Structure formats: structure tokens, C-alpha cells
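# Coordinates in review
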Amino acid sequence: MGETTMAEPLKKQMKWASFLSTRPSLEAAIAEVVQQTQAALQDSPDLALIFISSAFASEYSRLMPLLQEYLPGVPLIGCGGAGITGMDDQGNPCELEGEPALTLMLASLPEVHVHTFHLMPEELPDLDSSPRAWADAIGVSPAEQPQFVLLGDPSFGRLNDLLQGLDFAYAGSTKIGGLVSGSITNSGGIFCDDRLHQEGMVGVALSGNIVLDAIVAQGCRPIGQPYLVTEGERNIMLALDQADLSFASTGGGSRVSQKGTPLEVLQDLIQTLDEGDRELAQHSLFIGVAQSEFKQTLEQGDFLIRQLIGVDPRVGAIAIGDRIRPGQRVQFHLRDAKASAEDLETLLLRYTSSYPADTLSGSGALMFSCTGRGEGLYGQPDFDSLLFNRYLPTLPLSGFFCNGEIGPVGGSTFLHGFTSVFGIFRQP
């Protein structure tokens, strides 16, 4: 005879809801986003995320008192941005740049611990401090394995220290976010619970029955082949060598065994490009630094994209926007609208092959996109958010255009530029 067992009680599913208002009155915009998100959520919210256009910058101080009338005691983080992303009244994502806009994301998170925090640079531990010191600063034990959303003032003085410290103390946790954007005179505006802060970093740590997946679309495509850095100092590449590399690359072009100064290698590579890519290389050339020392076949997403910031023709050296050391692998990249679209689509295809949209019921997503993307890059509005929605149509989306985007590449967290970072919250 077969055995019968008592069925386990069904776990309550998380829910997310997002709505974007374009009403020019702050009071009317707040009332609309709260009404729409609460109606969609149909549950008590455990977390709120608010993103407000810098067109409202003169009214930032009024936002929290008004919002608290509707959402008293709900943990909240948010910030201002030059552009805002959210869901319209048809359930479609939209991106509004340079216009009055307010988007609210509410989440019902059963079996999830929500902890909000605000940090100033002087409150951070030293990089040689123990994980305990970082846990004390954040207020969450590493044993809880929290997932992080971080929103910061662009002038935050120790941002790289913060990201390195969080990676050290909370290894394996995902960290995403962005830096406030807006006009030069009104760039401040980060919110935590019921307070407005002009400086620092606000964040939320989510632990328990929740997973945060990150898609980091850096908008570039590789050209040529990877090279091994054989000489380098600080952020300066002094010598490259391809002769001993046996792994494949996703880049185009013919494979030529080659070594020399970085400038010589680059000049030779440019000669192999077609006319369109040669022209693009004059103003949109970047370097990708592979983040895995062991992965043989490098794919899109394996490189941390950094700017080329200078050359020394005397010795053929190239300076890049990050530290470099001998033994690292690099590959030159180009960026344009086509490459950006293909990069994001490649990463979305890869993600949905592992997590099809129909398995993500109840999930929600955040989008942190560079102010250099959007309509200025693609020549049409809503490009990144609509592409995301095409692959993951059931996920409410919210976010803003950033002055720097935070997201992981190769297991470490970095500050990016010209990037769209998507964070997808789902249950395990």
C-alpha cells in the first residue's frame, strides 16, 4: 500500500507592483501612484521604493511627509533622477526623461526580513576591518545572506571601499543600485524611511525567502581577440601578448598571434576593422577586463568595461579607467546603439533560458540605467525597458536614470557607466 503524507501548507507568494505618474502636482502624483500600486498589490506592503524626477527637485523636502500619510511605517528607500522608469496605466513599462514623473514600487514580502539603512563615508570601516565591522555598520549579519539595493549621492567619497567591503563581508550576496542624477544645482535627494538626505548612501538589505538576480548590460561588443597583460602598473597597460592564449573569444576579426605595446596592438587591430567600426573606434572605443582568471571561453558579460583615458606614444602605453595587473586578460570593445541592444538581448536570452517568464510569477524588477542611454542613445524612447518587458512580460518594473550604475560582474560589485543594470527579485 502506498503511503499518504499530510500536504505541506502552501508558502505565501511575494508580490510586486509598480506605477508611474506624470501628474505635474506632487500631491496628485503621490495619490495616484499609491492608489494604483495598492490596488495591484492587494496586500499590505513590506517595502516601498520611490523614484522621483529631478523636475520635482525643489519639492523633494515635501515628498516624505506626503508619502508617510499613505504608507506610515513602511520601510522605504528612494532617490531623485534625471529620468524615471515605471509602469503606465496600460501595464507597459515607460521611461520619462527630463519630465515631471514619479514612480512607486511596493512589495509584499512574506518570510523576508527588510532592513533599511543610511551611511556616510566617514562611518565606513577600513578595508582591513573584519566582516563583523561591516555587519555592525550595515546592521545585518552576514549569516542572513542579504541581497542589497543601494542608492547614493554621486559625491560619496568612498564608494569603491563600500562595494569592496560589502563583497568582503557579504560574499555571495547580490548588490545593485545607482547614483542620483539631475541638474547640477539640484542633484541631491536620497530618501530612507521618513527622511530626506542630501548626502551619503541609502540602502535596503533583504534576507530570507528571496533571491536577487542581476543582469548587467554594459552595451559593448568585443572586437579582435583577447590579450594577456604581460606588463602593467596601476592603471597603465605597458605590454600585451596573445601568443599563448588558447581560449576562444566572442569577438570578430581574424586571429593573429601578436605581442607588443598596447598602442601597437590597437593600431594593428584598427587596420583589420571595416570602415564603420574604424570610424566608431575614434570616439566609442573601450577596454574589457576579464573577471575570471580560469574561464577559458570568454563570453558577453565576462568583461568589466572600462574607458581608455590616455596613451603615451613614446612607450606605447595605454591608461584605462581602473587598476590593471600582469596576468589579466583584456579585449578591446566598441559601443553604439546596435551593440547596446544586442548586448542586452543576449543577456536576457541567457537569463530566460534559465528562468522562463512563466516561472517568475510574483516577481518584480528594478532598472538602473545610465543617463547616456535612453532616447539619446537609441533615438527612440523606452528601448531598454520594452526589450526587458518582451522577455519578461509579467514583471512590474521600476527605476531611474543614474549618474553611475552599481552591479556585479564576475562575482564582484562595481560602479559602471553607460550601463543598464536590472535586478530581478524572485522566490528561491
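Residues numbered from 1 in each chain as written. Predicted model: local features only at pLDDT ≥ 70, side-chain atom pairs only at ≥ 80, totals over all residues. Heavy atoms only, no water.

## A short note on the pairing of strand E3 (residues 76-81)
E3 sits mainly inside the fold: six of its six residues count as buried. Neither face of E3 is open: one carries Leu 76, Gly 78 and Gly 80, the other Ile 77, Cys 79 and Gly 81, and all of them are buried. Taken together, strand E2 (residues 47-53), helix H2 (residues 60-70) and E3 form a β-α-β motif whose crossover is right-handed. Where E3 and strand E10 (residues 190-192) come together, three bridges link them in antiparallel fashion. What sits directly across from Ile 77, in E10, is Cys 192. (Buried < 20%, exposed > 50% of the residue type's maximum accessible area, 1.4 Å probe, protein only. Helix = DSSP H or I, 4+ residues; strand = E, 2+ residues; numbered from the N terminus. Right-handed = clockwise from strand over helix to strand, strands pointing away. Pairing = 2+ DSSP bridges.)

## Let's talk about the packing of helix H3 (residues 131-138) against helix H4 (residues 159-169)
Remark: H3 packs on H4, axes separated minimally by 9 Å, with the N-to-C direction vectors making an angle of 115°. Considering their axes alone, H3 and H4 lie roughly perpendicular with respect to each other. H4 is crossed by H3, and the crossing has left-handed handedness. Within the contact between the two elements, H3 uses Pro 131, Trp 134 and Ile 138 and H4 uses Asp 161, Leu 162, Gly 165, Leu 166, Phe 168 and Ala 169. (Axes fitted to C-alpha atoms, helices over the stretch in contact; angles between N-to-C directions. Parallel < 35°, antiparallel > 145°, perpendicular 65-115°, else oblique. Left-handed = near helix turned anticlockwise from the far one by under 90°. Contact = heavy atoms within 4.5 Å.)

## Some words on the packing of helix H7 (residues 337-354) against helix H9 (residues 383-391)
Relative to each other, H7 and H9 sit at 25°, their axes nearing to 10 Å. On the basis of the axis angle, H7 is roughly parallel to H9. As for the relative orientation of H7 and H9, their crossing is right-handed in sense. Here Ala 341, Leu 344, Glu 345, Leu 348, Leu 349 and Thr 352 of H7 come into contact with H9, specifically with Phe 383, Asp 384, Leu 387, Phe 388, Arg 390 and Tyr 391. Classifying every residue of the contact of H7 with H9 gives eight nonpolar, one polar and three charged. (Nonpolar A, V, L, I, M, F, W, Y, C, P; charged D, E, K, R; others polar.)

## A few points about unusual backbone geometry
Its identity as a non-glycine residue notwithstanding, Arg 234 has a phi of 55°, on the positive side. With respect to the element layout, Arg 234 can be found in the loop between strand E15 (227-233) and strand E16 (236-241). Of note, Phe 418 is a non-glycine position whose phi angle comes to about 60°, a positive value. Structurally, Phe 418 can be placed in the loop between strand E25 (412-416) and strand E26 (420-426).

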